[in-house]
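Report on the structure
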Amino acid sequence: MSDEEHHFESSDAGASKTYPQQAGNIRKGGHIVIKGRPCKVVEVSTSKTGKHGHAKCHFVAIDIFTAKKLEDIVPSSHNCDVPHVNRIDYQLIDISEDGFVSLLTDSGGTKDDLKLPTDDNLSAQMKSGFEEGKDVVVSVMSSMGEEQICAVKEVGGGK
């Protein structure tokens, strides 16, 4: 044994942000990573096997955070990266002046690192429900180290 001490830089539990899946098995409505972005597949078309080999899958997908349309063509027998996508509901506690929201977690703690959504309808719905004193529940989608508020529900009557 050497006397050297090994130091490993790691900030996560080693869980991967993506998992491999064969391109031919990815369907419309599923998720895929295109150009390093997590996307929801809106269209899949498969070409026939050509003279030199592989059938190809043509994916048209929309980035789940920016709503940009991305396309990719992959041989159907090759593996594609599929992102782990999680959706968690939180109760809205406060909206600060600088556009950050304060959310109540299931464990009773607060989550203060998210901004109001860029979608004007969602932010307006959050603000109006909050100002009227209603219980507002927001759905936060997270994937590949990014988080964003994707849906808003008003629960109960209010004051």
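It should be emphasised that the depicted structure is a prediction, and the values quoted were computed from it without experimental measurement.

Overview of the environment of Arg87
- Note on placement: Arg87 falls in strand E7 (residues 85-95).
- For the pair Arg87 and Met141, spaced 54 residues apart in sequence, the C-alpha separation works out to 4.4 Å.
- Residues in contact with Arg87, not counting those within four places in the same chain, are Ser139, Val140, Met141, Cys150 and Ala151.

Here's the deal with the confidence of the model for the protein
- Here the protein averages 85 in pLDDT, and 88% of its residues register 70 or above.
- For the stretch residues 10-14, pLDDT sits under 50, and the model shows 0 contacts to residues farther than four places along the chain or on other chains.

So, the sheet that holds strand E11 (residues 146-155)
- Read from one edge of the open sheet, 5 strands run E9-E8-E7-E10-E11, paired in antiparallel fashion. A strand with exactly one partner marks an edge of an open sheet, and here the two such strands are strand E9 (110-115) and E11. In this sheet, neighbouring strand axes are inclined to one another by 40 degrees on average, regardless of whether the strands run parallel or antiparallel.
- The pairing of E7 with strand E8 (residues 100-104) spans 4 bridges and is antiparallel. By the bridge assignment for E8, Leu92 is matched with Leu103.
- Lying over the sheet, helix H1 (residues 120-131) contacts E7, E8, strand E10 (135-143) and E11, oriented at roughly 45 degrees with respect to E11.

A few points about the sheet that holds strand E4 (residues 56-63)
- With respect to topology, 4 strands assemble into an open sheet ordered E2-E3-E4-E5, the strand pairing being antiparallel. Only two strands of the sheet have a single neighbouring strand rather than two, namely strand E2 (31-34) and strand E5 (69-75). Here the average twist between neighbouring strands, direction ignored, is 45 degrees.
- Bridge count between strand E3 (residues 37-46) and E4: 7 bridges; the pairing is antiparallel. Bridge pairing in E4 places Thr46 opposite Cys57.

Thoughts on the nonpolar core
- In this structure, Leu92, Val101, Leu103, Met126, Val138, Val140 and Ile149 are the most contacted members of the largest nonpolar core, which totals 14 residues.
- Breaking this core down by element, the ones donating at least two residues are E7, E8, H1, E10 and E11.
- If we ignore the near neighbours within four places in the chain, the residues touching Val138 are Ile88, Asp89, Tyr90, Leu103, Met126, Ile149, Ala151 and Val152.
- Ala23, Ile34, Leu70 and Val74 belong to the second-largest nonpolar core, a separate cluster that totals 13 residues.

As for the environment of His84
- Within the secondary structure, His84 sits in the loop between strand E6 (79-83) and E7.
- The exposure class of His84 is partly exposed, given its relative accessible area of 37%.
- Between the alpha carbons of His84 and His31 there is a distance of 8.5 Å; along the sequence they are 53 residues apart.

About the cut-offs
Residues numbered from 1 in each chain as written. Predicted model: local features only at pLDDT ≥ 70, side-chain atom pairs only at ≥ 80, totals over all residues. Heavy atoms only, no water. Helix = DSSP H or I, 4+ residues; strand = E, 2+ residues; numbered from the N terminus. Contact = heavy atoms within 4.5 Å. pLDDT = per-residue confidence, 0-100. Pairing = 2+ DSSP bridges. Axes fitted to C-alpha atoms, helices over the stretch in contact; angles between N-to-C directions. Core = buried A, V, L, I, M, F, W, Y, C linked by side-chain atoms within 4.5 Å. Buried < 20%, exposed > 50% of the residue type's maximum accessible area, 1.4 Å probe, protein only.

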